[in-house]
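# Chain and residue survey
One letter stands for each residue in the lines below.
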Amino acid sequence: MRKYPYYVEPYEETERPRKFLEAFAAILKHSNYGFVLDTYTRTSTKCARCAGICQVFDQSGDPRDVPCYRSELLFRVYRRYFTLGGMVRSRLHNGFMLTDDYIDEMAEAVYRCTACRRCKFACPMGVDHGLMTHLARWILAEIGVVPKALVVATREQLQGKTGNTSAIPVVALKDTCEFLEEELIENYNLPAKFPMDVEGAEHVFFPAVSDYLLEPDTLMGNAAVMHLTGGSWTIGTGYYDGINYGLFYSDALLCRIVSKEAAELKRLKAKKILIGECGHASRSAKAFIPTFCGGKNAPPVINIMEYSHKALLDGRLKVKAGAISERVTYHDPCNIARSKWIINQPREILEAICKDFVDMVPSGQMNICCGGGGGTVSIDEIRAFRTGIGGRKKAEQLKATGAKYIVAPCANCKKQLREVCEDNGLHDMEVVGLHDLVLKALDLEAYGITPVDKTGKEGEE
Amino acid sequence: MEQWLEWARGPAFKFAFVLMVLGLIRHLVLTVAGIVQALYRAGDKKIPYKMVFHSTLLWLFPFKKLNNRPWYSIASVVFHVGLILTPIFLLPHIELWKRGLGISWPSIPHLLADILTLITIAAAIGLLAGRLGNRESRRISRAQDILLPVIIAIPFVTGFLAMHSVWDPTAYNAVMFIHVMGANVIFALIPFTKLGHIVLLPTTQLVSEVGWHFPAESGRDVTIALKKENVPI
Ligand code: HEM
Ligand code: SF4
Ligand code: SF4
């Protein structure tokens, strides 16, 4: 069997085409993809408008990266095996047959696409290649073809002792939070807390759990804002991970993971799900908690940036105008920008605290993906592809801004952009979260707090 | 030849036209049924209808969407304008309808019809050039993508020739036969090719949006169907 650019755990490799078709059939029967495929296979016009829009094709120039070419791989299987016309035609002459090679081509193609959905806006026929990549990855995962990096994390989250993707035990979580609380006192004189297991709190907080390992400033910023604005929130020690790789390869797992969030909310008798700075964590909760956990009765989901933005507007969050003097730019995570959910909120916060905020072109709903979307950022073995091809265009965009700080409110975008900067010679740029900068710009005096005298000490660590 | 032309205008036309209408109705019914069923099964039935409606309009009248492959897009818009207006508002066509079904509507002047016909032909050539001259679209094109603009141009070319040359009656009838049969072939192809977009296009944006709304039990049901309930991840 062909080796993929990404590692796959050993699996039963016999009769893959049959198993692929069985999985495809089961998914068509029990989910909603059939009518979408019907429409796309009837309308797609092969005009290549989507090609120039895709950041991967733009840099690779490789025909298999043309979005409509990749989706056609799936369309062809659908037409041949699941439509009357296709079945009749295959009787009449020896047409297309699903083979192992074909499956391999698809398996490679759907992990070059980051499912960022930018190309959807170019297609006159409304074809959503993000949805097609999403579906193809699920079918492939059911026969065992799925990047090991994604499976290992999900396995720990759903079956492991720690119940989260970074395998952080509760003791370590508590230690980290205590340490961050001490840091907040020491550096900002801020008695902010990370409240644990508070029953009846308004919000239960789910950041990308990796933030507890990698993003202390973002978390301190989150806690500081919640503290100063009198927000009612808690971290549940039963479940505290916002990450959801189900979104990237399996609706079945997507469902099981969001259900853990809903269950923790219920256990704590809380009202809202508060997602930290993470694009896919936000989208998987916002879009799929209603899907899998009760429809209209599902608990509301908000992102911490929405919370802070609202607090800024109604005056509960007080910041120093122009506190950040270096040039700042903002990277829109595809998962929250493409639907127009969160685009202006963080920009308004940044404009309130930055002297020199510049936007990238294009940005907002039509932003260019960091190149690590759709879970590909977790696949370390494809880093050269991610930063050299997938993220190349982003690197050019970043360079053109000349910014010192790139604000990327997403665990995945942050990791990817740091690697993009490193591999593309952008060594002066620093990738940070939104709340990292908010923390620096808090107007503590307005809250009656004497800031720690930092003279003699460097402002930055 | 005379009889052939009568056959093309009569039974063949009726067959092709009815086939088209029934095929398009089938497309539309199946698509709407698909949307309704998906929404019925969806765990989350909330659809941003306003946004969907807006993007649908944006593509039905794509004036803001011409910047991507601009020449090709302009050719496409011109092609469609000529394609839809000319046959419907041409006087001889209206007279046929009048004779056949007793209905009629205003026509466009002959000169305008001629101009529209010529730019439609030019636009069809433009579309073909844009498709074959662009590396990516050439590579992904299927036979129908290349043949359709050619086939669609046939009635326009023959219609123009028939109106503007001095022919002996046999030759005239032969040209008209090609003209009518060309149109019949197009009608018949509509339900079986991407030309189905004539009725499907207004639904595609909604289809893409509803497509993300999965049934609440879909994951579990698929897992059970594949007998994987007890298989660890
Ligand atoms: C009724 C309204 C119609 C609308 C809104 C419509 C819309 C569209 C759109 C959005 C495209 C894709 C964009 C492009 O390729 O430029 C397209 C392509 C096309 N349409 Fe239509 N269409 C309509 C009617 C028709 C009819 C009546 C025909 C011919 C019988 C037709 C023939 C074609 C062809 C051949 C293409 C492919 C052009 C190419 O890329 O080679 N369309 N149409
Ligand atoms: S979803 Fe994004 S990465 Fe995938 S084909 Fe479209 S633009 Fe390219
Ligand atoms: S823009 Fe749409 S129809 Fe055109 S090639 Fe891309 S997916 Fe196909």
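Data block above holds the structure.
Everything numeric in this text was worked out from a predicted model, so none of it was measured. (Residues numbered from 1 in each chain as written. Chains lettered and ligands numbered in written order. Predicted model: local features only at pLDDT ≥ 70, side-chain atom pairs only at ≥ 80, totals over all residues. Heavy atoms only, no water.)

## As for the packing of helix α11 (residues 216–228) of chain A against helix α21 (residues 434–441) of chain A
Residues and elements named next belong to chain A. Convention followed: Convention adopted: a line fitted to C-alpha atoms gives each axis, helices being fitted over their contacting stretch, and angles between N-to-C directions are expressed from 0 to 180 degrees. Secondary structure is summarised from DSSP: a helix means a run of H or I of at least four residues, a strand means a run of E of at least two, and numbering begins at the N terminus for each. Here roughly perpendicular refers to angles of 65 to 115 degrees, roughly parallel to angles under 35, roughly antiparallel to angles over 145, and oblique to all remaining angles. Left-handed describes a crossing whose near helix is turned anticlockwise from the far helix by less than a right angle; the clockwise case is right-handed. Contact criterion: two residues are considered in contact whenever any of their non-hydrogen atoms come within 4.5 Å of each other. Asp, Glu, Lys and Arg are counted as charged, while Ala, Val, Leu, Ile, Met, Phe, Trp, Tyr, Cys and Pro are counted as nonpolar; the rest, among them Gly, fall into the polar class.
At a minimum axis distance of 7 Å, the contact between α11 and α21 shows a crossing angle of 60°. By the angle between their axes, α11 is oblique relative to α21. Our pair here, α11 against α21, has a crossing hand that is left-handed. Along the contact surface, α11 presents D217, T218, M220, G221, N222, A224 and V225, while α21 presents H435, D436, V438 and L439. For the contact of α11 with α21, the residue count by class is 5 nonpolar, 4 polar and 2 charged.

## Some remarks on the site of ligand 3
This is how the line gets drawn: Neighbouring residues are identified by heavy atoms, a residue being near a molecule or strand if any of them is within 4 Å of it.
Contacts to ligand 3 come from A:T45, A:K46, A:C47, A:A48, A:R49, A:C50, A:C68, A:C123, A:P124, A:H129 and B:I140. In this structure, ligand 3 is bordered by residues of chains A and B. Residue classes in the shell around ligand 3 are distributed as 7 nonpolar, 2 polar and 2 charged.

## What to know about the layout of surface pockets
Cut-off, in case you're wondering: Points on a 1 Å grid, built from protein atoms alone, make a cavity when a 1.4 Å probe fits but cannot get out and make a pocket when they are open with protein on both sides within 12 Å along at least 5 of 7 lines; residues with an atom within 4 Å of a point are the lining residues. Grid points are joined across faces, edges and corners, and a volume is the space filled by probe spheres set on the points.
Roughly 1500 Å³ of volume is contained in the second largest pocket. Lining the second largest pocket we find 46 residues, and of these A:S339, B:P48, B:M51, B:E209 and B:H213 sit closest to its centre. Mapped onto the lining of the second largest pocket, the elements with two or more residues apiece are α14 (279–292) of chain A together with α2 (49–60) and α9 (197–211) of chain B. With 7 residues, the single largest contributor to the lining of the second largest pocket is α14(A). Here the lining of the second largest pocket is built from residues that sort into 20 nonpolar, 13 polar and 13 charged.

## Observations regarding the sheet that holds strand β3 (residues 272–275) of chain A
Sheet strands associate in pairs through backbone hydrogen bonding, adopting either a parallel or an antiparallel arrangement. Residues and elements named next belong to chain A. Heads up, the rule is: Strands are treated as partners if at least two bridges between them are detected by DSSP.
One open sheet holds the 4 strands; their spatial order is β2-β1-β3-β4, and the pairing between them is parallel. Each edge of the open sheet carries a strand with a single partner, namely β2 (233–234) and β4 (301–303). Judged from the 3 bridges that link them, β3 and β4 form a sheet pairing that is parallel. Considered in β4, the bridge of I273 is made with V301. Sheet strands touched by α11: β1 (203–206), β2 and β3. Its angle to β1, the strand with the most contacts, is close to 170°.

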